[in-house]
Structures are given as C-alpha cells and as structure tokens.
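Observations on the model geometry
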Amino acid sequence: MTSVAIIFEGKNNTILLQLRDEKAPTYPGMWGLFGGAIEAGEKAIQAAVREVREELGINLREGDLVLLLEINSGNDNFHVFKSKFPWNLKDIKLDEGQDMKFFSREEISQLNNLVPLLKQFGDAYWKTLT
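Residues numbered from 1 in each chain as written. Predicted model: local features only at pLDDT ≥ 70, side-chain atom pairs only at ≥ 80, totals over all residues. Heavy atoms only, no water.

What about the side chain of Ser3?
Locating Ser3 in the fold gives a position in strand β1 (residues 2-9). Excluding its chain neighbours within four sequence positions, the residues that come into contact with Ser3 are Gly36, Ala37, Ile38, Asn77, Phe78 and His79. (Helix = DSSP H or I, 4+ residues; strand = E, 2+ residues; numbered from the N terminus. Contact = heavy atoms within 4.5 Å.)

Structural data, given as structure tokens:
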C-alpha cells in the first residue's frame, strides 16, 4: 500500500497529531499523523491535499506542502509531507479520529500509544529544525 502522511507544524516546534478511532483499520486508538492511502490515478501530493480536506475540512493547495521524506517499509510506501498550520484548532472540525492535539518532541517521546513509524517520521522532521 502507498500512503501519505502530513506533519502540520504548530507554534514552538510542535506538531499536530490525530488520535485514531478505536475502529480504525490500522493502529486503532493510537496517536499518528493525518493522511491515508493514495487512490488509483492520484499523485502523492494530490492524495495529501484530499486527505486533509476529508479529515479536517481544510483546503490546502499543493504549494502548501513540502515533501519531507519517502519511506519504504516492507510492502508499504509512505510519502511524508510537512505544512504550516496557521489555523486555530477550535475552528477546525475533526471529521476522522477521536481527538487532535499539538505535541512537542518531548511530549511525543512520552506517549505509549504512538503509531510505530511516527518516530521515524518525527526524527526526519526534527532534523529540519536544527
């Protein structure tokens, strides 16, 4: 499966995570990034724009996203993008997941219910800040 994930950058070097639904097909009840599978005929960046619209109701432009890394993990391929998050969370309607919250790197390291590849995605992101 080929998927996209989006790291939304908040204030003070935080990133926005989604608490996945308990009924999610993968990693239920775990904190992860927004994103999902690339559909037939879609480019990765188009899938990222669509997933953000579906999950958060936000209309990003392709130019709002920067490809951070691509990871091949077994049969899965991930395209990880980053984007600024200038909106107020109170104004965003979460359409997928149980919750969303900004976390610092330290707070993320303390989570025991983290989607496994998030550490790898996060490490690549934190390196862009130094």
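Re the nonpolar core
One finds Val4, Phe8, Leu56, Ile58, Leu65 and Phe81 to be the most contacted residues of the largest nonpolar core, which totals 20 residues. Top contributing element to this core by residue count: helix α1 (residues 44-56), with 7 residues. Once residues within four sequence positions are removed from consideration, Leu65 is found in contact with Ile6, Ile45, Ala48, Val49, Leu60, Phe81, Lys82 and Ser83. By size, the runner-up hydrophobic cluster in this structure holds 19 residues, among which are Ile15, Leu17, Leu19 and Leu69. (Core = buried A, V, L, I, M, F, W, Y, C linked by side-chain atoms within 4.5 Å. Buried < 20%, exposed > 50% of the residue type's maximum accessible area, 1.4 Å probe, protein only.)

A closer look at the pattern of salt bridges
Going through the model one piece at a time under the given rule, you end up with 7 salt bridges. Put simply, Glu42 and Arg50 hold a salt bridge, and the shortest N to O gap is 2.7 Å. Between Arg61 and Asp64 there is a salt bridge, with its nearest N and O atoms 3.2 Å apart. A relative accessible area of 59% means that Arg61 is categorised as exposed. Three or more residues joined by partner-sharing salt bridges are found here, namely Glu39, Glu42, Arg50, Glu51 and Glu54. (Salt bridge = Lys/Arg side-chain N within 4 Å of Asp/Glu carboxyl O.)

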